[in-house]
Amino acid sequence: AQADKKLHGQLRYKGRMSVDPKLPSVEISNLSLEADASNLPGGIGKLLLKARAEKLSVAGETLKLTTTPLSVDLRLQNGPAPLELLDAKLALGLAGDLSPLRLTLAPFEGDVHAEGEGFGSKGLNAKLQGEGGLDLAAGMGQLARLSVDADGLRATLSGKLDGLTAAPRFAGRMEVAEFNPRTWLAAHGRPLGGLPEGTLTQAGAKAEVSFADGTLRLTALEARLDETRAQGSIGAGKAGLSADLALDRLNVDRYLPPKPKAAPATPKEGGGRPAPGPGADTPIELPVAMLRDLSGQVNLRVGHLTAQRVDVRDLRIAGKAKGGDIAVDTLSGHAFDGQINARGGLDVRGQTPAYRASGKASGVDVGAILRQFADSDRLSGHGTLDFDLRTRGASVNALKAGLDGTAHARFYDGALKGVDIGQLLRRADAALKGQPAPPEGPTQTDFTELTGSATIAKGVINNPDLDGKSPLLRVQGAGNIDLPDNGIDYRLTVTVVQTATGQAGKELANLRGVPIPLKISGSLSDPSYSVDLGKAVEERAKQEVEKRVTEELQKRIGIPAPSGTTEGSGEPAPAVPPVQDLLKGLIGR
C-alpha cells in the first residue's frame, strides 16, 4: 500500500486476568482497552476508542462467555471539519457458546451523545435498546429488537440475517414514529428558514426492509409528510434507484417561499408599441453532473397534485434515467378541465441539454393554460392540441431558437382578446362612407371554432391554414410567429357571413360576402392590426357594379328577376348563374 493509505495507531490494554486450568476458566476483571488510529478511510482523520468492563469470563467445557455492563467512549475527528464527537455508554449482556460460535446479545441498553457540526449547541442524545443473537457457524443471525430514541426521534428495527459466509441477506421491518421534523431540526442547529411556517411538522414511516445482492428495498411502505400519505416501495442498489409510489395528495406550493412582488412596469420612452426583438435572456442551470450519475426508474401516482396553483387529478408519471438520458414514458392526468397525455425527456449526455415532448391535450381550458404558463390573456376557450416538439439550449432564448416540431390545434367557444375584428371592419366601413368612427366596445373577437396546424423550425412557427368561424365572421389565412425575435406576421382574409346576428352584425350588412384583407404584425406581445381599405373599396365597388349591371341585363334580355330573397338573410337572392359568369368576365373579378 502507498504510504498515504497506511493505517497508523496504538492499542493499550489494562486488566487483571485469572486462569483456572482445572475448570478450565479465564476471568478478566477491571478491563480497560484504549485504541487510537489515524488516516482512516471515509475522510475520518482520527479515532479514539475507550472500552471498560468490570468482568469478562470464559468458563466450562463449552466455553461460555459472559460480561458485565460495558462502557464505550468513541471520538471521531473528521479531517479539517469541526470536531465530531460520539460518546457511547452501553450496558451489554453478552453470552455465547464459543465452540459452535453461537453468541447471544441479551437485552441491552445504551446512551449515545454526539457533538459537533450539524448537531446544534447541545449535541444529540440517543438511547438504544435491543437484543439479538448470532450463529457464525451457520452464517445466520437475528435482531429481535433494536430501538433508538434520538431526542424524540424514535425508530425501531427487527429482522433476520443469513448468508454471512457468502452473500449476506437481511429481511425485517422498520418503523419511524411520527415526529415534528421542523422542531427536531431546529433543536439540532438546522432551522428550516427557507420553508414557510406550518410545513414539515409531521412525518413518519413504516416498511418491510430487505437487503440482498447489494440492493436495499423498502416494501409495503406507508409514509406520511404533513397531509400527504404515500404507499408503495423504494429500492437502491447496483441498478440505481427505483420507486413505485402512490400518493393521495401533494401540495407543492405549500413548500415554496412566497414570490417577491413584481415591480411596476416602467413606461417605454416615447410610448408606442414594443418593437420585435429578443428579450432579456435567462440562463437555465441544471445539475448536469448529478443527472448524469442518476440511474433508475420511477412509477408515481398522485390522486391530487397542486403545483404552481395548478390542480392535477389522477396524475401518473412513469420514467427512467441512465447515464444522463432521462425519459418520461408516461405523463397523464386531468388538468385545466381536460385530459393530458404526454411523454418527454431530457438528455444531458452532450455539451448542450436537449429536451423533447410529445402528446395530446384534450378538452383543456386554453386560456387558463396561457395565463398560467405564458402570462398571456389573449385567448380563451377550450380545445385539443397535438404536439411533437424538440429543442436544446442552456437558456430561455436558446430554447426558443432551438425549437423544432409540429403541432395541430382546434379551439372552440372562445375569444381572441386584444382585438375586435368586427370593430376593425366597422371602422373601415365608416371611413369609406366618410362617417365618424363607431364607439369602442369590448376588445375581443368571439369564435365558435378556430383551427390550425404548424411546423416549427428554429423557433419560427409557420401556420399555413388558420381557419376561424364565428356567427358574424369567417377568418382564413396563414402566417408566422417568430419566438426568438418575439415577432408575428399574419395575412388573413375576413369575410362577413351573417349580418343578422353577431357582434353588431347589422352595421356590416353592406360588407357581407366581401373578402377583406387583415394584416397582423409587429411584436408578439403587443401586435398591431390593419385592414386594407383599398382592397375593401375595390371589392365593394365590384359587387355594386355587378349588382346593377346584372339587373339591367336581366331587363334587356328578358330574363325574369329572381323572386324573393335568400332565405333567412334579408338580402337579395343571387343573380342567375349564366349572367353572373358573364359579368365576372366583363368586370374582371
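Residues numbered from 1 in each chain as written. Predicted model: local features only at pLDDT ≥ 70, side-chain atom pairs only at ≥ 80, totals over all residues. Heavy atoms only, no water.

1. Section: the overall build of the protein chain
Note the cut-off: The numbering of helices and of strands both runs from the N terminus, where a helix is a DSSP run of H or I of at least 4 residues and a strand a run of E of at least 2. Buried means the residue's accessible area, taken with a 1.4 Å probe over protein chains only, is under 20% of the maximum for its type, while exposed means over 50%, and partly exposed covers the values in between. Calculation of accessible area relied on Shrake-Rupley with a 1.4 Å probe; when residues are assessed, cover is drawn exclusively from the protein chains displayed.
Within the protein chain, the secondary structure is distributed over seven helices and 29 strands. Considering the protein chain as a whole, with its 589 residues, one finds that 30% of them fall into the buried category. A total of about 34,300 Å² of accessible surface is found on the protein chain, and carbon and sulfur atoms cover 57% of it.

2. Looking at the confidence of the model for the protein chain
Heads up, the rule is: Confidence of the predictor at the level of single residues is captured by pLDDT, which takes values from 0 to 100. Note on contacts: a residue pair is in contact if any heavy atoms of the two residues lie within 4.5 Å.
Mean pLDDT over the protein chain works out to 82, with 79% of the residues at or above the 70 mark. Per-element confidence in the protein chain ranges from a low mean pLDDT of 48 for helix H7 (residues 577–587) to a high of 97 for strand E20 (residues 338–347). Every residue in residues 573–577 scores below 50 in pLDDT, and together they form twelve contacts with partners more than four places removed in sequence or on other chains. Low confidence marks residues 585–589, where pLDDT is under 50. Its contacts with residues over four positions away, or in another chain, come to ten contacts.

3. Topic: a nonpolar patch on the surface
Put simply, the test is: Grouping into patches uses exposed residues only, defined as over 30% relative accessible area, and leaves out salt-bridged ones; the cut-off is 9 Å for like charges and 5 Å for nonpolar side chains (Val, Leu, Ile, Met, Phe, Trp, Tyr). Definition used for salt bridges: Asp or Glu carboxyl oxygen within 4 Å of a side-chain nitrogen of Lys or Arg.
Together, Leu11, Tyr13, Met17, Val19 and Leu33 give the surface a local cluster of nonpolar side chains, amounting to about 510 Å² of exposed area. Its location among the elements puts Leu33 in strand E2 (residues 25–38).

4. A word on the pairing of strand E14 (residues 228–237)
Where we set the bar: Two strands are counted as paired when DSSP detects at least two bridges linking them.
When strand E13 (residues 215–225) meets E14, the two strands line up antiparallel, connected through eight bridges. Across the sheet, Glu222 pairs through a bridge with Gln231, a residue of E14. Linkage of E13 to E14, two consecutive antiparallel strands, is achieved through a turn of two residues, within which Asp226 is found at a positive phi near 55 degrees. By the bridge criterion, eight bridges tie E14 to strand E15 (residues 240–247) in an arrangement that is antiparallel. Paired with Gln231 across the two strands is Ala246, which belongs to E15. In this structure, the hairpin formed by E14 and E15 is closed by a connection of two residues.

5. Quick look at the side chain of Thr445
Here is the rule: For the purposes of these results, a polar contact is taken to be a pair of N or O atoms within 3.5 Å, where, inside protein, one atom must be able to donate a hydrogen and its partner to accept one; residues adjacent in sequence count only when each atom of the pair is a side-chain atom.
Along the chain, the position of Thr445 falls in strand E24 (residues 444–457). A relative accessible area of 7% means that Thr445 is categorised as buried. At 2.8 Å, the side chain of Thr445 and the backbone nitrogen of Ile421 are in polar contact.

6. As for the pattern of salt bridges
Counted by the stated rule, this structure contains 24 salt bridges. Taking the shortest distance from any N to any O, the salt bridge between Asp325 and Arg349 comes out at 3.9 Å. Highlighted residues: Asp325 in strand E19 (residues 325–335) and Arg349 in the loop between E20 and strand E21 (354–365), separated in sequence by 24 residues. By relative accessible area, which is 22% here, Asp325 ends up partly exposed. Residue Asp388 is joined to Arg390 by a salt bridge in which the shortest nitrogen-to-oxygen separation is 3.6 Å. Overall, the relative accessible area of 35% leaves Asp388 in the partly exposed class. A relative accessible area of 41% places Arg390 in the partly exposed class. When salt bridges that share partners are traced, they join Asp325, Asp347, Arg349 and Arg356 into one network.

7. Digging into the pairing of strand E1 (residues 8–20)
Each regular strand displays side chains that alternate between the two surfaces of the sheet. Pairing between E1 and E2: twelve bridges, direction antiparallel. Opposite Leu11, over in E2, you have Ala35 as the bridge partner. Two successive antiparallel strands, E1 and E2, enclose a turn made up of four residues.

8. Examining the environment of Ala138
In this fold, Ala138 is placed in the loop between strand E8 (124–135) and strand E9 (140–150). What makes Ala138 partly exposed here is its relative accessible area of 45%. For the pair Ala138 and Pro100, spaced 38 residues apart in the sequence, the C-alpha separation amounts to 9.0 Å.

9. Structural notes on the packing of aromatic side chains
In this description, a pair of aromatic rings is defined by centroid distance and the angle of the planes. Condition: Ring geometry is summarised as follows: Phe, Tyr and Trp rings, the Trp one being its six-membered ring, pair when their centres sit within 6.5 Å, and such pairs are stacked at plane angles under 30 degrees, edge-to-face over 60 and tilted between the two. Criterion for a charge above a ring: Lys NZ or Arg CZ within 6 Å of the ring centre, and within 35 degrees of the ring normal.
This structure, assessed with the given rule, holds zero aromatic pairs. In this structure, Arg254 is placed above the aromatic ring of Tyr255, and the distance from its NZ or CZ to the ring centre is 5.9 Å.

10. A closer look at the environment of Tyr255
Locating Tyr255 in the fold gives a position in the loop between strand E16 (250–251) and helix H2 (288–293). Tyr255 sits 58 residues away from Glu197 along the chain, and the two C-alpha atoms are 9.1 Å apart. Ignoring sequence-local partners within four residues, the contact set of Tyr255 consists of Leu195, Pro196, Thr199, Leu200, Leu225, Asp226 and Glu227.

11. Quick look at unusual backbone geometry
Unusually for a residue other than glycine, Asn30 sits at a positive phi of about 50 degrees. Within the secondary structure layout, Asn30 lies in strand E2. The class of Asn30 is exposed, set by a relative accessible area of 59%. One non-glycine residue, Asp314, lies in positive phi territory at about 55 degrees. Considering the arrangement of structural elements, one finds Asp314 in strand E18 (residues 310–322). Of the residues examined, Asp314 reaches a relative accessible area of 52% and is grouped as exposed.

12. A short note on helix H3 (residues 366–373)
Since the α-helix advances by 3.6 residues per turn, residues separated by three or four positions end up pointing in the same direction. Those residues of H3 lying buried are Val366, Gly367 and Ala368. Against E21, strand E22 (379–392) and strand E23 (404–417) lie the buried residues of H3. Measuring from the side-chain oxygen of the N-cap residue of H3 to the backbone nitrogen of Gly367 gives 3.2 Å; that N-cap residue is Asp365. Looking one or two residues beyond H3, the residue adopting positive phi is Asp375, at roughly 50 degrees.

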